[in-house]
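Here is what each chain is made of, one letter per residue.
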Amino acid sequence: MQIQDKVAVVVGGASGMARATAYELASAGAKIAIFDLPISEGAKVAADIGQGALFCPLDVTDAEAVESAIDRVMDELGAIHIGINVAGGGAAKRTVSRDGPHPLDEFRRVIELNLVATFNLVRLQADRMSRNQPEDGERGVIVNTSSIAAFEGQIGQVAYASAKSGIIGLTFTAARDLGSLGIRVLAIAPSLFDTGLTKLAPAEMKEALVAGAAFPRRMGRPEEYARLARAIVETPMLNGTTIRLDAAQRFGPK
């Protein structure tokens, strides 16, 4: 899909990989709508991008707020062609610890934040994309965010790994569901990236965390996620797959 003059919803776009993707797509001529928490820097990022960029403050686990924001994008920008879904988070708890079994409500919270919220975004984005006039048969592209924890989750990541594995299954099946509408669905599975709390870690800790990478042996950079997301949008034969963005790193047990 050509990016010029398309409308992109970037979820989590106030920071990190999503923020870099918002800038990358804007530089290619897209109109940007940023979904992120009210306390985030979403308004600042939208103002920095300019060109009519929107900031829609919301919690992705609030289904009604998400649908209202989708409707606002349709009203103000006229369409949705690209969905970049990056918001999420985890919890460090073992299946059984000294405190007993993993709290079920905490497991549900992580699944809701990562998997259920992603599916809600996919279904709403795809519905609006289905109304677009096709461009070479294509009406839209959705990029979800998994993690290499989906493949080799570490001790204490049982909820997070479950949610991110679910995103991989969701992505392939949604691509099949939506193929007849000309909508592609993919996922990126990053390793450790220099964002959020990881960005604040001391240099020696970062070096230890990426010691198992082949090359480059460093944290990923947000702009590397952004460039991959752009390549996915611009390459129609990419569909239904999850791409590891990990410098050939494989997580150990801890």
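Now for a look at the structure at hand. (Residues numbered from 1 in each chain as written. Predicted model: local features only at pLDDT ≥ 70, side-chain atom pairs only at ≥ 80, totals over all residues. Heavy atoms only, no water.)

Here we look at the side chain of arginine 128
Within the secondary structure, arginine 128 sits in helix 4 (residues 104–129). At 3.1 Å, the side chain of arginine 128 and the side chain of aspartate 127 are in polar contact. (Helix = DSSP H or I, 4+ residues; strand = E, 2+ residues; numbered from the N terminus. Polar contact = N/O pair within 3.5 Å; in protein donor to acceptor, adjacent residues only side chain to side chain.)

With respect to the nonpolar core
If you look at soluble globular proteins, the nonpolar side chains tend to sit buried side by side. Membership of the largest hydrophobic core comes to 31 residues, with the highest contact counts inside it found for Leu25, Ile32, Ile49, Ile84 and Tyr225. Elements supplying a minimum of two residues to this core: strand 1 (7–11), helix 1 (16–27), strand 2 (31–36), helix 2 (42–49), strand 4 (82–85), strand 7 (140–145), strand 8 (183–190) and helix 8 (222–234). By size, the runner-up hydrophobic cluster in this structure holds 30 residues, among which are Val9, Val11, Val60 and Val122. (Core = buried A, V, L, I, M, F, W, Y, C linked by side-chain atoms within 4.5 Å. Buried < 20%, exposed > 50% of the residue type's maximum accessible area, 1.4 Å probe, protein only.)

A look at the packing of helix 1 against helix 8
In the contact formed by helix 1 and helix 8, the axes pass within 8 Å of each other and the chain directions differ by 50 degrees. It follows from the interaxial angle that helix 1 and helix 8 lie oblique. The chirality of how helix 1 crosses helix 8 is right-handed. Contact with helix 1, carried on its side by Gly16, Met17, Ala20, Thr21, Glu24, Leu25 and Ser27, involves Pro222, Glu223, Tyr225, Ala226, Arg227, Ala229 and Arg230 of helix 8 and no other residues of that element. Of the residues belonging to the contact of helix 1 with helix 8, the class tally is seven nonpolar, three polar and four charged. (Axes fitted to C-alpha atoms, helices over the stretch in contact; angles between N-to-C directions. Parallel < 35°, antiparallel > 145°, perpendicular 65-115°, else oblique. Left-handed = near helix turned anticlockwise from the far one by under 90°. Contact = heavy atoms within 4.5 Å. Nonpolar A, V, L, I, M, F, W, Y, C, P; charged D, E, K, R; others polar.)

A closer look at the packing of helix 4 against helix 5 (residues 158–178)
Any two packed helices are characterised by the angle at which their axes cross and by the distance between the axes. Orientation of helix 4 relative to helix 5, taken along the N-to-C sense of each, is 15 degrees, at an axis distance of 8 Å. Here helix 4 is positioned roughly parallel relative to helix 5, judged by the angle of their axes. Our pair here, helix 4 against helix 5, has a crossing hand that is right-handed. Of helix 5, the residues touching helix 4 (which contributes Phe107, Val110, Ile111, Asn114, Leu115, Thr118, Phe119, Val122 and Ala126) are Val158, Ala159, Tyr160, Ser162, Ala163, Lys164, Gly166, Ile167, Leu170, Ala174 and Leu178. Here the residues of the contact of helix 4 with helix 5 are counted per class, giving 15 nonpolar, four polar and one charged.

Topic: the side chain of histidine 81
By secondary structure assignment, the location of histidine 81 is in the loop between helix 3 (63–77) and strand 4. Under the relative-accessibility criterion, histidine 81 is labelled buried at 14%. In this structure histidine 81 touches Met1, Lys6, Val7, Met129, Asn132, Arg139, Gly140 and Val141, once residues within four positions along its chain are discounted.

Section: the pairing of strand 1
As a general feature of sheets, a regular strand has side chains that alternate between the two faces. Taken across its five residues, strand 1 has five buried, putting it largely inside the fold. Side-chain alternation along strand 1 places Val7, Val9 and Val11 on one buried face and Ala8 and Val10 on a second face that is also buried. For strand 1 and strand 2, the ladder comprises five bridges, and the chain directions are parallel. When the sheet's bridge partners are listed, valine 10 is paired in strand 2 with isoleucine 34. Following the chain from strand 1 across helix 1 to the adjacent parallel strand 2, one finds a crossover that is right-handed. Sheet topology note: the strand 1/strand 4 ladder contains four bridges and is parallel. Following the sheet pairing, valine 9 is matched in strand 4 by glycine 83. (Pairing = 2+ DSSP bridges. Right-handed = clockwise from strand over helix to strand, strands pointing away.)

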